[in-house]
Amino acid sequence: MKASEDIMQDNSTENSNDNKPMFAYYGKDKHDRHMLAYDVSSMTKATDVENFLEASLILSLILLDKMIEENPDINKTGVISLEEQSGFNMKLMKLWMSNMTLMSNFMKLMDGAFPLKISKVYIINGPKIIVAFFNLFKPFMSKKMIDKCHFVSDVSTVFDEIGGNEFVPDVLGGMNEFRRFDCDHEEQLMKIFPSLKEE
């Protein structure tokens, strides 16, 4: 868990410069759907951490599992994911492409294997390269999941979708602040994968 500890120390799951989350839970929107949001530019600040990609995916699983634990009704209305992708760059592209097996397995996990109902995914302000990256992973995604993904260049589309400024996450310019989950990362990971043994 050393790499994940380094990421948490460098970012505290937040961008230390503007106190915005890297990947976080934002409560419910106007339609009672739970919301996840992240700004990909925050990830670039931690990419030099050893095993960054593996650690960030582990931290994502821990957050998602904690979300489910704290919100037992989460799958009634599902979750919408809001991804601010304007900061996606070649460095991240190369990092993810050099770990295609890991990324494809994570994609499959999120496409039905993990007990979380994804209702919609908004990829916001993404450069052209993000579309190429998305197409690389289409073979690992179900048609159902592909149909849930929407590329938008105008954040006002998201504002209207989730109910206005008070619901929109602060990483997208709204007033909604992320909810902090305090937990022991190793303990939470053991709950997800009980077969893991501590060294």
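All of these numbers come straight from a predicted model, not from anything done at the bench.

**Student:** What exactly am I supposed to notice about the sheet that holds strand 3 (residues 23-28) here?
**Tutor:** Within a sheet, each strand pairs with its neighbour through backbone hydrogen bonds, oriented either parallel or antiparallel. Strand order in the open sheet made by the five strands is 3-4-5-6-7, with mixed pairing throughout. Edge positions in the sheet fall to strand 3 and strand 7 (149-152), since each of these pairs with one other strand and no more. Each neighbouring strand pair of the sheet contributes to a mean axis angle of 20°, computed without reference to strand direction. Taken together, the six bridges between strand 4 (residues 34-39) and strand 5 (residues 79-84) define a ladder with parallel strand orientation. Bridging across to strand 5, Asp-39 finds its partner in Glu-84. The sheet contacts of helix 3 (residues 52-70) involve strand 3, strand 4 and strand 5, and relative to strand 3 the element is tilted by about 20°.

**Student:** For this particular structure, what's the right way to read unusual backbone geometry?
**Tutor:** Generally, phi is negative for residues other than glycine and the peptide bonds are trans, each holding for most cases. The residue Asp-32 is not glycine, and still its phi comes out positive at about 70°. Tracing the backbone through its elements, the reader meets Asp-32 in the loop between strand 3 and strand 4. A residue is classified by how much of its surface remains accessible, and Asp-32, at 38% relative accessible area, is partly exposed. Notably, Asn-125 is not glycine yet its phi reads approximately 60°, a positive angle. Looking at where Asn-125 falls in the secondary structure, it is placed in the loop between strand 6 (118-124) and helix 7 (128-137).

**Student:** Explanation requested: the packing of aromatic side chains in the structure shown.
**Tutor:** Remark: the centre distance and the inter-plane angle together describe each pair of aromatic rings, the angle taken between the planes. Within the structure shown, the criterion is met by nine aromatic pairs. Ring centres of Phe-23 and Tyr-38 lie 5.9 Å apart, and the angle between their planes is 70°; this geometry places the pair in the edge-to-face category. Taken together, the residues Phe-23 in strand 3 and Tyr-38 in strand 4 connect sequence positions 15 residues apart. Residue Phe-23 shares its accessibility class with Tyr-38, and that shared class is buried. Relative to Phe-151, the ring of Phe-134 has its centre 5.2 Å away and its plane inclined at 80°; by these criteria the two rings are edge-to-face. Note that Phe-134 is positioned in helix 7 and Phe-151 in strand 7, a separation of 17 residues in sequence. A residue is classified by how much of its surface remains accessible, and Phe-134, at 14% relative accessible area, is buried. When its relative accessible area of 37% is taken as the criterion, Phe-151 is described as partly exposed. Taken together, the ring pairs in this structure connect Phe-88, Trp-96, Phe-133, Phe-137 and Phe-140 into an aromatic cluster.

Each value, and the rule that gives it
Residues numbered from 1 in each chain as written. Predicted model: local features only at pLDDT ≥ 70, side-chain atom pairs only at ≥ 80, totals over all residues. Heavy atoms only, no water. Pairing = 2+ DSSP bridges. Helix = DSSP H or I, 4+ residues; strand = E, 2+ residues; numbered from the N terminus. Axes fitted to C-alpha atoms, helices over the stretch in contact; angles between N-to-C directions. Contact = heavy atoms within 4.5 Å. Buried < 20%, exposed > 50% of the residue type's maximum accessible area, 1.4 Å probe, protein only. Phe/Tyr/Trp six-rings, centres within 6.5 Å; stacked < 30°, edge-to-face > 60°.

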